[in-house]
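Here's the letter readout for the chains.
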Amino acid sequence: MKHFINSPESSVQELVDGLILTYPKTLQKLANHDIILKRDIPANKVTLLSGGGSGHEPSHAGWIGEGMLDGAILGGMFASPSVKSILAGVRAVTPVGGPGCLLIVKNYTGDRLNFGMACELANAEGRKCKMVVVADDCAVPRNKGATGARGVCGTILVHKVAGAAALSGASLTEVAELANFVASRIGSLGVSIGGVCIPGQSQGRVEESEDCAMELGIGIHGEAGILKSPLLSAKEVSTKILNTIVDFGYGKDGELRLKAGDNVAVVLNNLGATSSFEMGILSKEVVSYLE
């Protein structure tokens, strides 16, 4: 696999520099850290930060904006940012005695540990801070805690709803409660016909055979899915994805099920290598299934 990079070691820092150069009027870099912040953050509102390993762009910096995130804390390729960097980000947007900061974290062990520790340290300094963990991946049982359902695409909707609440003037407790509610109502599932390949690797996953041409439930880091199968049509794969999400249920313990007449919001996410042509066909199939 070939990439347009200079070196794997400097790729994250150069990504940050490139984003700042691309959006100089709206984004800024926090000195000495791979942290991108919104330039104009109102002082009287709850701030929202997210982050995690790099390599999932446009996450996480792509969700910075009005009514969304106020900043993103970038780790190395597929690696959680350090506690030091996360705490620096919280300090930069959360004054002592201010409205507070909400950390929106995807359910991966390193992220939970590092963001959780930074949250505790920020509170010890008098900076109000809460953390919400998103675990929307329907490929993994939700009842395994930090090793259970992973945080994936549905996190974007948590950013959006929590960001809108913060912008409206809601308190930190109110924003966190709403974010947790939204997180409990989201289900996601990934599918891939190729393996992830990060800068520095020569190739991603190699197809084992025509009978294992695609994988349902694959993780965003290439974690094993729940089913390998021959290549399916757009209609077939859309049906499998949506049936799996519906059967997984939602709510705290998956006790709730979608039913006829329910309103749903759908995000169809490109993991990185699917063309716009294919995405258009998949969009048609997803909407047809739901209707």
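Residues numbered from 1 in each chain as written. Predicted model: local features only at pLDDT ≥ 70, side-chain atom pairs only at ≥ 80, totals over all residues. Heavy atoms only, no water.

> Sorry if this is basic, but what is going on with the sheet that holds strand E4 (residues 71-77) here?
Backbone hydrogen bonds are what pair the strands of a sheet, in a parallel or an antiparallel way. Spatially, the six strands line up as an open sheet ordered E1-E2-E4-E3-E5-E6, and their pairing is mixed. The sheet terminates laterally at strand E1 (27-29) and strand E6 (129-134), the two strands that pair on one side only. This sheet shows a mean twist of 25° between the axes of neighbouring strands, independent of strand direction. Together, E1, strand E2 (35-38), strand E3 (47-54) and E4 form the strand contacts of helix H1 (residues 11-22), whose direction differs from that of E4 by roughly 150°. Along the sheet, helix H4 (residues 155-167) contacts E3, strand E5 (101-106) and E6; its crossing angle with E5, the most-contacted strand, is approximately 170°. (Pairing = 2+ DSSP bridges. Helix = DSSP H or I, 4+ residues; strand = E, 2+ residues; numbered from the N terminus. Axes fitted to C-alpha atoms, helices over the stretch in contact; angles between N-to-C directions. Contact = heavy atoms within 4.5 Å.)

> Quick question: what am I supposed to make of the layout of surface pockets here?
Empty pockets left among the atoms are what a rolling probe the size of a water molecule brings to light. If you add up the space inside the second largest pocket, you get close to 450 Å³. Elements that contribute at least two residues to the lining of the second largest pocket include exactly E6 and helix H5 (172-183). The dominant element in the lining of the second largest pocket, judged by the number of residues it contributes, is E6, at three residues. A per-class count over the lining of the second largest pocket returns nine nonpolar, six polar and five charged. (1 Å grid on protein atoms, 1.4 Å probe; cavity = no way out; pocket = protein on both sides within 12 Å on 5 of 7 lines; lining within 4 Å. Points joined across faces, edges and corners; volume = space filled by probe spheres on them. Nonpolar A, V, L, I, M, F, W, Y, C, P; charged D, E, K, R; others polar.)

> Sorry, what's going on with empty space enclosed by the protein here?
Summed over the entire model, instances satisfying the criterion amount to one cavity of 30 Å³ or more. When its volume is computed, the largest cavity comes out at roughly 40 Å³. For the largest cavity, the full set of lining residues is Lys-38, Pro-42, Lys-45, Gly-65, Glu-66, Gly-67, Met-68, Asp-70 and Leu-167. Tallied by class, residues from the lining of the largest cavity come to three nonpolar, two polar and four charged.

> What's the story with the environment of Ala-139 in this structure? I'm lost.
Looking at the element boundaries, Ala-139 is found in the loop between E6 and H4. A relative accessible area of 14% places Ala-139 in the buried class. Separated by 78 residues in sequence, Ala-139 and Gly-217 place their C-alpha atoms 5.0 Å apart. Each residue touching Ala-139, except ones within four places of it in the same chain, is listed here: Arg-150, Leu-189, Gly-217 and Ile-226. (Buried < 20%, exposed > 50% of the residue type's maximum accessible area, 1.4 Å probe, protein only.)

> Can you walk me through the state of the cysteines in this structure?
Any covalent bond linking the sulfur atoms of two cysteines counts as a disulfide. All told, the structure shown has zero disulfides when counted by the stated rule. The closest cysteine sulfur to the non-disulfide-bonded Cys-101 is located on Cys-129, 4.7 Å from its own sulfur. Here Cys-101 falls in the buried class, since its relative accessible area comes to 0%. Free of any disulfide, Cys-153 has its nearest cysteine sulfur in Cys-138, 12 Å distant. Judged by relative accessible area, Cys-153 falls into the buried class, the value being 16%. (Disulfide = S-S within 2.5 Å.)

Note that all results are geometric; they support no functional claim without further evidence.
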